[in-house]
There are 2 protein chains.
Amino acid sequence: MTTTDGQLQEPAFRLPLTRQRVLVAAVRIADEEGLKALTMRRVASDLDVEAMSLYHHVDNKEALLDGICEVLVEEIIAEVGDADPPSDPDAWQAAMRDMIMTARRVMLAHPWAPSVFETRKSIGFSIIRYFERLLAVMRAGGFSYDLAHHAMHALGSRAIGFSGELFQPDDGQTDDESMAMLEGMRDQIPHMVTMLSGALHTDEAGQTIGFCDDQTEFEFGVDLLLDGLDRRRREQPDT
Amino acid sequence: MTTTDGQLQEPAFRLPLTRQRVLVAAVRIADEEGLKALTMRRVASDLDVEAMSLYHHVDNKEALLDGICEVLVEEIIAEVGDADPPSDPDAWQAAMRDMIMTARRVMLAHPWAPSVFETRKSIGFSIIRYFERLLAVMRAGGFSYDLAHHAMHALGSRAIGFSGELFQPDDGQTDDESMAMLEGMRDQIPHMVTMLSGALHTDEAGQTIGFCDDQTEFEFGVDLLLDGLDRRRREQPDT
DNA sequence: ACCTGAACACCGTTCAAGT
DNA sequence: ACCTGAACACCGTTCAAGT
(Lines give C-alpha, C1' and ligand atoms only; values in the text may rest on other atoms or scores of the structure.)
Protein backbone atom coordinates (compact mmCIF):
# COMPACT_ATOMS: atom_id res chain seq x y z
CA MET A 1 0.00 0.00 0.00
CA THR A 2 2.67 2.51 -1.05
CA THR A 3 2.91 4.74 -4.06
CA THR A 4 5.79 4.52 -6.48
CA ASP A 5 7.63 7.22 -4.58
CA GLY A 6 7.31 5.26 -1.32
CA GLN A 7 4.74 7.49 0.40
CA LEU A 8 2.22 5.79 2.66
CA GLN A 9 -1.33 5.98 1.33
CA GLU A 10 -4.45 6.33 3.40
CA PRO A 11 -6.38 3.07 3.57
CA ALA A 12 -9.14 3.11 1.00
CA PHE A 13 -11.84 2.15 3.54
CA ARG A 14 -11.69 3.59 7.05
CA LEU A 15 -13.43 1.97 9.97
CA PRO A 16 -16.72 3.87 10.29
CA LEU A 17 -17.06 6.03 13.37
CA THR A 18 -19.53 4.71 15.93
CA ARG A 19 -20.64 5.83 19.37
CA GLN A 20 -18.87 2.86 20.89
CA ARG A 21 -15.56 3.65 19.14
CA VAL A 22 -15.80 7.25 20.35
CA LEU A 23 -16.42 6.19 23.95
CA VAL A 24 -13.69 3.59 23.99
CA ALA A 25 -11.20 6.14 22.69
CA ALA A 26 -12.34 8.63 25.31
CA VAL A 27 -11.88 6.13 28.13
CA ARG A 28 -8.40 5.26 26.90
CA ILE A 29 -7.37 8.92 26.76
CA ALA A 30 -8.76 9.63 30.23
CA ASP A 31 -7.00 6.56 31.63
CA GLU A 32 -3.64 7.22 30.07
CA GLU A 33 -3.44 10.99 29.84
CA GLY A 34 -5.80 12.22 32.52
CA LEU A 35 -9.09 14.04 32.48
CA LYS A 36 -7.60 17.34 31.40
CA ALA A 37 -6.39 15.75 28.18
CA LEU A 38 -9.90 14.54 27.38
CA THR A 39 -11.01 17.19 24.88
CA MET A 40 -13.22 16.75 21.87
CA ARG A 41 -10.28 17.63 19.65
CA ARG A 42 -8.04 15.06 21.36
CA VAL A 43 -10.60 12.27 21.02
CA ALA A 44 -11.10 13.15 17.37
CA SER A 45 -7.41 13.16 16.54
CA ASP A 46 -7.08 9.78 18.25
CA LEU A 47 -9.67 8.46 15.81
CA ASP A 48 -8.12 10.24 12.81
CA VAL A 49 -11.13 12.39 12.38
CA GLU A 50 -12.13 16.03 12.79
CA ALA A 51 -13.57 17.15 16.14
CA MET A 52 -16.89 18.02 14.57
CA SER A 53 -17.45 14.47 13.38
CA LEU A 54 -17.88 13.33 16.98
CA TYR A 55 -21.08 15.33 17.25
CA HIS A 56 -22.80 12.87 14.90
CA HIS A 57 -22.41 10.14 17.54
CA VAL A 58 -22.50 12.07 20.81
CA ASP A 59 -24.70 15.06 21.57
CA ASN A 60 -22.00 17.11 23.25
CA LYS A 61 -19.17 16.81 25.74
CA GLU A 62 -21.48 16.17 28.70
CA ALA A 63 -22.99 13.26 26.78
CA LEU A 64 -19.49 11.96 26.13
CA LEU A 65 -18.79 12.02 29.87
CA ASP A 66 -22.12 10.28 30.54
CA GLY A 67 -21.02 7.72 27.99
CA ILE A 68 -17.66 6.87 29.52
CA CYS A 69 -19.39 6.35 32.88
CA GLU A 70 -21.73 3.90 31.20
CA VAL A 71 -18.77 2.03 29.73
CA LEU A 72 -17.16 1.79 33.15
CA VAL A 73 -20.31 0.57 34.89
CA GLU A 74 -20.76 -2.06 32.19
CA GLU A 75 -17.26 -3.22 33.07
CA ILE A 76 -18.26 -3.44 36.74
CA ILE A 77 -21.41 -5.39 35.93
CA ALA A 78 -19.41 -7.85 33.85
CA GLU A 79 -16.99 -8.36 36.76
CA VAL A 80 -19.76 -8.74 39.31
CA GLY A 81 -21.43 -11.48 37.27
CA ASP A 82 -25.08 -12.35 37.31
CA ALA A 83 -25.36 -15.11 39.89
CA ASP A 84 -28.59 -15.18 41.87
CA PRO A 85 -28.48 -13.57 45.30
CA PRO A 86 -27.73 -16.01 48.13
CA SER A 87 -30.78 -17.77 49.50
CA ASP A 88 -29.62 -17.58 53.13
CA PRO A 89 -31.03 -14.25 54.41
CA ASP A 90 -28.01 -13.70 56.63
CA ALA A 91 -25.64 -13.94 53.68
CA TRP A 92 -26.72 -10.60 52.22
CA GLN A 93 -23.95 -8.62 53.91
CA ALA A 94 -21.04 -10.63 52.57
CA ALA A 95 -22.61 -10.70 49.10
CA MET A 96 -23.07 -6.95 49.05
CA ARG A 97 -19.59 -6.36 50.37
CA ASP A 98 -18.18 -8.49 47.56
CA MET A 99 -20.07 -6.52 44.93
CA ILE A 100 -18.83 -3.22 46.32
CA MET A 101 -15.23 -4.35 46.55
CA THR A 102 -15.39 -5.64 42.99
CA ALA A 103 -16.74 -2.29 41.85
CA ARG A 104 -13.92 -0.59 43.70
CA ARG A 105 -11.31 -2.74 42.00
CA VAL A 106 -12.60 -1.63 38.61
CA MET A 107 -12.88 2.01 39.69
CA LEU A 108 -9.29 2.13 40.91
CA ALA A 109 -8.14 1.30 37.41
CA HIS A 110 -9.80 4.51 36.18
CA PRO A 111 -8.53 7.44 38.25
CA TRP A 112 -10.87 9.87 36.49
CA ALA A 113 -13.98 7.99 37.58
CA PRO A 114 -14.87 9.67 40.90
CA SER A 115 -14.73 13.22 39.61
CA VAL A 116 -16.67 12.39 36.45
CA PHE A 117 -19.36 10.41 38.27
CA GLU A 118 -19.76 13.19 40.80
CA THR A 119 -20.60 15.68 38.06
CA ARG A 120 -23.22 13.55 36.28
CA LYS A 121 -26.64 15.10 36.44
CA SER A 122 -28.68 12.07 35.48
CA ILE A 123 -28.34 8.40 36.09
CA GLY A 124 -27.60 6.07 33.22
CA PHE A 125 -29.33 2.78 32.59
CA SER A 126 -26.30 0.62 33.32
CA ILE A 127 -26.01 2.01 36.82
CA ILE A 128 -29.68 1.36 37.38
CA ARG A 129 -29.02 -2.26 36.45
CA TYR A 130 -26.12 -2.37 38.92
CA PHE A 131 -28.36 -1.00 41.67
CA GLU A 132 -31.02 -3.53 40.71
CA ARG A 133 -28.55 -6.26 41.67
CA LEU A 134 -27.72 -4.62 44.98
CA LEU A 135 -31.43 -4.37 45.61
CA ALA A 136 -31.96 -8.04 44.77
CA VAL A 137 -29.34 -8.99 47.35
CA MET A 138 -30.99 -6.83 50.01
CA ARG A 139 -34.45 -8.18 49.23
CA ALA A 140 -33.13 -11.74 49.55
CA GLY A 141 -31.82 -10.65 52.95
CA GLY A 142 -35.29 -9.59 54.03
CA PHE A 143 -34.99 -5.82 53.59
CA SER A 144 -38.20 -3.88 53.16
CA TYR A 145 -38.18 -1.70 50.08
CA ASP A 146 -38.16 1.31 52.34
CA LEU A 147 -35.07 0.21 54.23
CA ALA A 148 -33.33 -0.78 51.00
CA HIS A 149 -34.03 2.68 49.65
CA HIS A 150 -32.46 4.32 52.70
CA ALA A 151 -29.54 1.92 52.39
CA MET A 152 -28.73 3.07 48.88
CA HIS A 153 -28.74 6.72 49.86
CA ALA A 154 -26.62 5.97 52.91
CA LEU A 155 -24.03 4.09 50.88
CA GLY A 156 -23.98 6.80 48.24
CA SER A 157 -20.88 6.69 46.08
CA ARG A 158 -19.46 3.87 48.18
CA ALA A 159 -22.03 1.57 46.56
CA ILE A 160 -20.05 1.70 43.33
CA GLY A 161 -16.66 1.63 44.95
CA PHE A 162 -15.37 5.07 45.69
CA SER A 163 -15.23 6.81 48.92
CA GLY A 164 -16.85 10.22 48.82
CA GLU A 165 -14.02 11.52 50.93
CA LEU A 166 -13.23 15.17 50.95
CA PHE A 167 -9.72 15.34 49.62
CA GLN A 168 -7.53 13.42 47.28
CA PRO A 169 -4.09 12.42 48.47
CA ASP A 170 -1.93 15.48 48.16
CA ASP A 171 1.21 14.46 46.36
CA GLY A 172 2.51 18.00 46.44
CA GLN A 173 4.65 17.61 49.54
CA THR A 174 6.11 14.68 51.43
CA ASP A 175 4.49 13.38 54.59
CA ASP A 176 7.50 14.49 56.59
CA GLU A 177 7.05 18.02 55.31
CA SER A 178 3.34 17.93 56.16
CA MET A 179 4.09 16.64 59.62
CA ALA A 180 6.69 19.35 60.23
CA MET A 181 4.18 22.00 59.16
CA LEU A 182 1.54 20.51 61.42
CA GLU A 183 3.89 20.43 64.41
CA GLY A 184 4.23 24.17 64.07
CA MET A 185 0.49 24.53 64.60
CA ARG A 186 0.23 22.24 67.63
CA ASP A 187 -0.97 25.06 69.88
CA GLN A 188 -3.92 25.76 67.56
CA ILE A 189 -4.87 22.20 66.63
CA PRO A 190 -3.49 19.93 69.36
CA HIS A 191 -5.76 16.92 68.85
CA MET A 192 -5.22 16.97 65.10
CA VAL A 193 -1.43 16.98 65.39
CA THR A 194 -1.40 14.22 67.99
CA MET A 195 -3.75 12.08 65.92
CA LEU A 196 -1.80 12.46 62.71
CA SER A 197 1.61 11.95 64.24
CA GLY A 198 0.30 8.67 65.61
CA ALA A 199 -1.18 7.73 62.26
CA LEU A 200 1.98 8.29 60.25
CA HIS A 201 2.93 4.79 59.15
CA THR A 202 6.51 3.75 58.70
CA ASP A 203 7.86 0.68 56.99
CA GLU A 204 10.56 -1.64 58.33
CA ALA A 205 13.31 0.73 57.18
CA GLY A 206 11.70 3.59 59.09
CA GLN A 207 10.54 5.36 55.92
CA THR A 208 7.24 7.14 56.26
CA ILE A 209 4.64 5.68 53.93
CA GLY A 210 1.68 7.95 54.41
CA PHE A 211 -0.94 8.95 56.93
CA CYS A 212 -3.82 6.88 55.66
CA ASP A 213 -4.34 3.55 53.99
CA ASP A 214 -7.11 4.22 51.48
CA GLN A 215 -8.24 0.62 51.18
CA THR A 216 -8.41 0.13 54.95
CA GLU A 217 -10.41 3.32 55.42
CA PHE A 218 -12.75 2.41 52.57
CA GLU A 219 -13.47 -0.99 54.08
CA PHE A 220 -13.93 0.53 57.53
CA GLY A 221 -16.57 2.90 56.18
CA VAL A 222 -18.39 0.27 54.14
CA ASP A 223 -18.45 -2.17 57.05
CA LEU A 224 -19.70 0.52 59.43
CA LEU A 225 -22.60 1.14 57.07
CA LEU A 226 -23.31 -2.53 56.35
CA ASP A 227 -23.22 -3.42 60.07
CA GLY A 228 -25.64 -0.63 60.86
CA LEU A 229 -27.93 -1.70 58.03
CA ASP A 230 -27.88 -5.29 59.23
CA ARG A 231 -28.96 -4.17 62.68
CA ARG A 232 -31.83 -2.13 61.25
CA ARG A 233 -32.79 -5.06 59.03
CA ARG A 234 -33.19 -7.27 62.10
CA GLU A 235 -35.17 -4.57 63.91
CA GLN A 236 -37.74 -4.43 61.11
CA PRO A 237 -41.26 -5.50 62.02
CA ASP A 238 -42.06 -8.87 60.47
CA THR A 239 -44.30 -8.51 57.49
CA MET B 1 -18.99 64.91 41.84
CA THR B 2 -20.16 65.78 38.35
CA THR B 3 -18.45 67.72 35.62
CA THR B 4 -19.95 70.89 34.20
CA ASP B 5 -21.66 68.87 31.48
CA GLY B 6 -23.35 66.65 34.06
CA GLN B 7 -21.29 63.50 33.42
CA LEU B 8 -20.57 61.28 36.42
CA GLN B 9 -16.92 61.19 37.37
CA GLU B 10 -15.06 58.22 38.74
CA PRO B 11 -14.45 58.52 42.47
CA ALA B 12 -10.98 59.85 43.09
CA PHE B 13 -10.10 57.05 45.54
CA ARG B 14 -11.30 53.53 44.88
CA LEU B 15 -11.46 50.89 47.57
CA PRO B 16 -8.18 49.00 47.22
CA LEU B 17 -8.49 45.43 45.99
CA THR B 18 -7.76 42.80 48.63
CA ARG B 19 -7.82 39.02 48.70
CA GLN B 20 -10.85 39.16 50.97
CA ARG B 21 -12.79 41.46 48.62
CA VAL B 22 -12.00 39.16 45.71
CA LEU B 23 -13.20 36.08 47.58
CA VAL B 24 -16.38 37.70 48.86
CA ALA B 25 -17.25 38.81 45.33
CA ALA B 26 -16.57 35.30 44.03
CA VAL B 27 -18.84 33.71 46.64
CA ARG B 28 -21.62 36.16 45.81
CA ILE B 29 -21.38 35.41 42.10
CA ALA B 30 -21.32 31.64 42.66
CA ASP B 31 -24.32 31.89 45.00
CA GLU B 32 -26.43 34.09 42.78
CA GLU B 33 -25.39 33.15 39.26
CA GLY B 34 -24.04 29.64 39.60
CA LEU B 35 -20.63 28.10 39.25
CA LYS B 36 -20.51 28.46 35.49
CA ALA B 37 -20.75 32.23 35.85
CA LEU B 38 -17.74 32.28 38.15
CA THR B 39 -15.01 33.34 35.74
CA MET B 40 -12.03 35.53 36.44
CA ARG B 41 -13.44 38.12 34.06
CA ARG B 42 -16.81 38.07 35.80
CA VAL B 43 -15.30 38.52 39.27
CA ALA B 44 -13.15 41.36 37.98
CA SER B 45 -16.02 43.22 36.37
CA ASP B 46 -17.99 42.85 39.59
CA LEU B 47 -15.17 44.68 41.35
CA ASP B 48 -14.80 47.28 38.57
CA VAL B 49 -11.36 46.07 37.74
CA GLU B 50 -9.58 44.23 34.95
CA ALA B 51 -9.33 40.43 35.14
CA MET B 52 -5.58 40.57 35.36
CA SER B 53 -5.66 42.60 38.57
CA LEU B 54 -7.04 39.61 40.44
CA TYR B 55 -3.78 37.77 39.95
CA HIS B 56 -2.09 40.14 42.39
CA HIS B 57 -4.28 38.75 45.19
CA VAL B 58 -4.92 35.19 44.11
CA ASP B 59 -2.42 32.88 42.42
CA ASN B 60 -4.84 31.54 39.84
CA LYS B 61 -8.36 30.24 39.46
CA GLU B 62 -7.74 27.10 41.51
CA ALA B 63 -6.52 29.31 44.37
CA LEU B 64 -9.68 31.36 44.02
CA LEU B 65 -11.76 28.19 44.40
CA ASP B 66 -9.66 27.14 47.40
CA GLY B 67 -10.36 30.59 48.80
CA ILE B 68 -14.14 30.49 48.53
CA CYS B 69 -14.13 27.12 50.30
CA GLU B 70 -12.17 28.71 53.12
CA VAL B 71 -14.71 31.52 53.34
CA LEU B 72 -17.53 29.02 53.57
CA VAL B 73 -15.85 26.89 56.24
CA GLU B 74 -15.18 30.03 58.28
CA GLU B 75 -18.92 30.66 58.11
CA ILE B 76 -19.57 27.14 59.39
CA ILE B 77 -17.09 27.54 62.23
CA ALA B 78 -18.74 30.79 63.27
CA GLU B 79 -22.14 29.08 63.31
CA VAL B 80 -20.87 26.08 65.24
CA GLY B 81 -19.43 28.31 67.96
CA ASP B 82 -16.52 27.44 70.19
CA ALA B 83 -18.12 25.93 73.27
CA ASP B 84 -16.13 23.22 75.00
CA PRO B 85 -17.10 19.65 74.14
CA PRO B 86 -19.60 18.11 76.58
CA SER B 87 -18.01 16.53 79.66
CA ASP B 88 -20.41 13.56 79.69
CA PRO B 89 -18.68 10.93 77.52
CA ASP B 90 -22.02 9.65 76.23
CA ALA B 91 -22.99 13.09 74.95
CA TRP B 92 -20.48 13.00 72.09
CA GLN B 93 -22.96 11.68 69.54
CA ALA B 94 -25.56 14.40 69.95
CA ALA B 95 -22.84 17.06 69.97
CA MET B 96 -21.30 15.78 66.79
CA ARG B 97 -24.67 15.42 65.12
CA ASP B 98 -25.43 19.06 65.94
CA MET B 99 -22.15 20.23 64.42
CA ILE B 100 -22.79 18.28 61.24
CA MET B 101 -26.37 19.52 60.87
CA THR B 102 -25.19 23.08 61.41
CA ALA B 103 -22.57 22.63 58.71
CA ARG B 104 -25.25 21.26 56.44
CA ARG B 105 -27.48 24.26 57.00
CA VAL B 106 -24.69 26.57 55.88
CA MET B 107 -23.78 24.34 52.94
CA LEU B 108 -27.35 24.28 51.63
CA ALA B 109 -27.20 28.04 51.25
CA HIS B 110 -24.31 27.61 48.79
CA PRO B 111 -25.35 25.19 46.06
CA TRP B 112 -21.92 25.30 44.46
CA ALA B 113 -20.21 23.99 47.59
CA PRO B 114 -20.24 20.20 47.06
CA SER B 115 -18.80 20.26 43.57
CA VAL B 116 -16.12 22.80 44.48
CA PHE B 117 -15.08 20.98 47.67
CA GLU B 118 -14.89 17.71 45.80
CA THR B 119 -12.35 19.11 43.37
CA ARG B 120 -10.01 20.61 46.00
CA LYS B 121 -6.62 18.95 45.98
CA SER B 122 -5.39 20.19 49.32
CA ILE B 123 -7.02 20.88 52.60
CA GLY B 124 -7.22 24.47 53.87
CA PHE B 125 -6.45 25.54 57.39
CA SER B 126 -10.02 26.49 58.27
CA ILE B 127 -11.25 23.00 57.55
CA ILE B 128 -8.47 21.60 59.72
CA ARG B 129 -9.75 23.80 62.52
CA TYR B 130 -13.27 22.47 61.94
CA PHE B 131 -12.02 18.90 62.12
CA GLU B 132 -10.10 19.78 65.27
CA ARG B 133 -13.43 20.53 66.92
CA LEU B 134 -14.98 17.27 65.75
CA LEU B 135 -11.93 15.53 67.11
CA ALA B 136 -12.22 17.31 70.47
CA VAL B 137 -15.81 16.07 70.78
CA MET B 138 -14.79 12.51 70.00
CA ARG B 139 -11.87 12.60 72.43
CA ALA B 140 -14.20 13.86 75.17
CA GLY B 141 -16.35 10.83 74.30
CA GLY B 142 -13.46 8.49 74.94
CA PHE B 143 -12.43 7.76 71.34
CA SER B 144 -8.88 6.57 70.81
CA TYR B 145 -7.01 8.65 68.25
CA ASP B 146 -7.03 5.66 65.95
CA LEU B 147 -10.80 5.24 66.09
CA ALA B 148 -11.34 8.97 65.66
CA HIS B 149 -9.15 8.86 62.57
CA HIS B 150 -11.23 6.07 61.07
CA ALA B 151 -14.35 7.99 62.00
CA MET B 152 -13.33 11.01 59.98
CA HIS B 153 -12.62 8.95 56.90
CA ALA B 154 -15.90 7.10 57.32
CA LEU B 155 -17.90 10.29 57.60
CA GLY B 156 -16.09 11.82 54.64
CA SER B 157 -17.96 14.71 53.09
CA ARG B 158 -20.86 14.16 55.47
CA ALA B 159 -18.69 15.59 58.23
CA ILE B 160 -19.09 19.03 56.71
CA GLY B 161 -22.71 18.61 55.75
CA PHE B 162 -23.09 17.23 52.29
CA SER B 163 -23.96 13.78 51.32
CA GLY B 164 -21.49 12.29 48.87
CA GLU B 165 -24.39 10.83 46.96
CA LEU B 166 -24.00 9.89 43.38
CA PHE B 167 -26.45 12.09 41.57
CA GLN B 168 -27.96 15.48 42.00
CA PRO B 169 -31.71 15.81 41.78
CA ASP B 170 -32.58 15.70 38.12
CA ASP B 171 -34.92 18.57 37.44
CA GLY B 172 -34.99 17.74 33.75
CA GLN B 173 -38.20 15.73 33.82
CA THR B 174 -41.10 15.41 36.24
CA ASP B 175 -41.33 12.50 38.63
CA ASP B 176 -44.41 11.25 36.82
CA GLU B 177 -42.44 11.11 33.59
CA SER B 178 -39.61 9.28 35.32
CA MET B 179 -42.03 6.79 36.83
CA ALA B 180 -43.72 6.17 33.49
CA MET B 181 -40.34 5.51 31.90
CA LEU B 182 -39.38 3.16 34.72
CA GLU B 183 -42.61 1.20 34.42
CA GLY B 184 -41.65 0.42 30.85
CA MET B 185 -38.53 -1.30 32.12
CA ARG B 186 -40.18 -3.35 34.85
CA ASP B 187 -39.19 -6.64 33.24
CA GLN B 188 -35.51 -5.66 33.33
CA ILE B 189 -35.37 -3.98 36.74
CA PRO B 190 -38.33 -5.27 38.75
CA HIS B 191 -37.05 -4.53 42.25
CA MET B 192 -36.02 -1.02 41.28
CA VAL B 193 -39.41 -0.13 39.84
CA THR B 194 -41.30 -1.57 42.80
CA MET B 195 -39.08 0.27 45.25
CA LEU B 196 -39.37 3.61 43.51
CA SER B 197 -43.11 3.42 42.92
CA GLY B 198 -43.49 2.86 46.65
CA ALA B 199 -41.14 5.73 47.43
CA LEU B 200 -42.91 8.30 45.29
CA HIS B 201 -44.36 10.70 47.83
CA THR B 202 -47.60 12.51 47.22
CA ASP B 203 -49.00 15.47 49.11
CA GLU B 204 -52.59 15.86 50.36
CA ALA B 205 -53.78 16.94 46.93
CA GLY B 206 -52.30 13.80 45.35
CA GLN B 207 -49.50 15.74 43.66
CA THR B 208 -46.23 13.86 43.44
CA ILE B 209 -43.48 15.64 45.35
CA GLY B 210 -40.43 13.56 44.59
CA PHE B 211 -38.88 10.19 45.22
CA CYS B 212 -36.50 11.13 47.98
CA ASP B 213 -36.39 13.55 50.87
CA ASP B 214 -32.79 14.75 50.90
CA GLN B 215 -32.76 15.85 54.52
CA THR B 216 -34.26 12.56 55.74
CA GLU B 217 -31.75 10.53 53.76
CA PHE B 218 -28.87 12.68 54.96
CA GLU B 219 -29.87 12.18 58.59
CA PHE B 220 -30.38 8.46 58.06
CA GLY B 221 -26.84 8.14 56.72
CA VAL B 222 -25.24 10.26 59.42
CA ASP B 223 -27.07 8.41 62.19
CA LEU B 224 -26.12 5.05 60.73
CA LEU B 225 -22.48 6.09 60.86
CA LEU B 226 -22.67 7.71 64.30
CA ASP B 227 -24.48 4.68 65.76
CA GLY B 228 -21.86 2.36 64.36
CA LEU B 229 -19.08 4.56 65.70
CA ASP B 230 -20.66 4.65 69.13
CA ARG B 231 -20.74 0.87 69.21
CA ARG B 232 -17.07 0.65 68.23
CA ARG B 233 -16.25 3.29 70.82
CA ARG B 234 -17.76 1.15 73.55
CA GLU B 235 -15.95 -1.94 72.26
CA GLN B 236 -12.56 -0.25 72.63
CA PRO B 237 -10.18 -1.78 75.14
CA ASP B 238 -9.88 0.45 78.20
CA THR B 239 -6.62 2.33 78.19
C1' DA C 1 3.48 47.65 44.27
C1' DC C 2 -0.48 47.53 41.91
C1' DC C 3 -3.23 47.84 37.81
C1' DT C 4 -3.98 47.73 32.66
C1' DG C 5 -4.66 46.51 27.61
C1' DA C 6 -3.56 43.52 24.15
C1' DA C 7 -2.45 39.16 22.93
C1' DC C 8 -1.78 33.93 23.27
C1' DA C 9 -3.13 29.34 23.48
C1' DC C 10 -6.50 26.90 24.30
C1' DC C 11 -11.69 25.26 24.84
C1' DG C 12 -16.76 23.57 23.14
C1' DT C 13 -19.71 24.41 19.55
C1' DT C 14 -22.21 26.45 15.15
C1' DC C 15 -22.56 26.73 10.45
C1' DA C 16 -22.33 26.23 5.61
C1' DA C 17 -20.34 23.41 2.54
C1' DG C 18 -18.75 19.24 0.72
C1' DT C 19 -19.33 13.84 -0.63
C1' DA D 1 -26.10 10.39 6.26
C1' DC D 2 -21.75 11.41 7.50
C1' DC D 3 -17.68 14.20 7.59
C1' DT D 4 -15.06 18.67 6.99
C1' DG D 5 -12.85 23.40 7.41
C1' DA D 6 -13.34 27.79 9.01
C1' DA D 7 -15.15 30.60 12.27
C1' DC D 8 -17.42 32.17 16.76
C1' DA D 9 -17.69 33.04 21.45
C1' DC D 10 -15.80 32.09 25.12
C1' DC D 11 -11.98 30.57 28.74
C1' DG D 12 -7.44 31.12 31.94
C1' DT D 13 -3.22 33.22 31.68
C1' DT D 14 1.30 35.75 29.99
C1' DC D 15 3.58 39.81 29.00
C1' DA D 16 5.14 44.36 28.45
C1' DA D 17 3.75 48.62 29.63
C1' DG D 18 1.88 52.07 32.41
C1' DT D 19 1.33 54.80 37.24
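Residues numbered from 1 in each chain as written. Chains lettered and ligands numbered in written order. Predicted model: local features only at pLDDT ≥ 70, side-chain atom pairs only at ≥ 80, totals over all residues. Heavy atoms only, no water.

The name given to chain A in an unreviewed UniProt entry is Transcriptional regulator, TetR family, with Euzebya pacifica as the source organism.

Draft legend 1. Fine view of the relation of the copies chain B and chain A. You can overlay chain B on chain A at an RMSD of 0.0 Å; the transform is a turn of 180° with a shift of 0.0 Å along its axis. Here the two chains are linked by the operation of a two-fold rotation axis. Within chain B, Gly164 of chain B has its C-alpha nearest the rotation axis, a separation of 2.5 Å. (Least-squares fit on C-alpha atoms with pLDDT ≥ 70 in both.)

Draft legend 2. Summary view of the UniProt feature "DNA-binding region" (unreviewed entry) in chain A. Summarizing the sequence annotation, UniProt attributes the feature "DNA-binding region" (unreviewed entry) to residues 39–58 of chain A in the numbering used throughout. The distance from the first to the last C-alpha atom of residues 39–58 of chain A is 13 Å, and the span holds 35% helix and 0% strand. (UniProt positions renumbered as here; feature names shortened; annotations may be inferred. Helix = DSSP H or I, 4+ residues; strand = E, 2+ residues; numbered from the N terminus.)

Draft legend 3. A look at the domain arrangement of chain A. Assigned domains within chain A: domain 1 (82–163 + 212–238) and domain 2 (173–201). The C-alpha-based centres of domain 1 of chain A and domain 2 of chain A are spaced at 34 Å. (Domains from an automatic or database assignment.)

Draft legend 4. View of the nonpolar core. Phe117 and Tyr130 of chain A together with Phe117 and Tyr130 of chain B are the most contacted members of the largest nonpolar core, which totals 151 residues. Not counting the four nearest positions on each side in its chain, Tyr130 of chain B is found in contact with Val73, Ile76, Ile77, Val80, Met99, Ile100, Ala103, Ala159 and Ile160 of chain B. (Core = buried A, V, L, I, M, F, W, Y, C linked by side-chain atoms within 4.5 Å. Buried < 20%, exposed > 50% of the residue type's maximum accessible area, 1.4 Å probe, protein only. Contact = heavy atoms within 4.5 Å.)

Draft legend 5. Structural context of the protein's contact with DNA strand C. Lining the immediate environment of DNA strand C, one finds 16 residues, of which Arg41 and Met52 of chain A together with Glu50, Ser53 and His56 of chain B sit closest. Within 4 Å of the protein, the contacting atoms of DNA strand C are 47% sugar and phosphate, with bases supplying the remainder. Between DNA strand C and Arg41 of chain A, the relevant distance is 2.6 Å, taken from a base nitrogen to a side-chain nitrogen or oxygen of the residue. Within the backbone of Glu50 of chain B, a nitrogen or oxygen atom sits 2.9 Å from a phosphate oxygen of DNA strand C. (Near = heavy atom within 4 Å. Polar contact = N/O pair within 3.5 Å; in protein donor to acceptor, adjacent residues only side chain to side chain.)

Draft legend 6. Seen up close, the environment of Gln236 of chain A. All names here are of chain A. The topology assignment puts Gln236 in the segment after helix 10 (214–235). The exposure class of Gln236 is buried, given its relative accessible area of 18%. With 94 residues separating them in the primary sequence, Gln236 and Gly142 have C-alpha atoms 9.1 Å apart. Within polar-contact distance, the side chain of Gln236 engages the backbone nitrogen of Ser144 at 2.8 Å.

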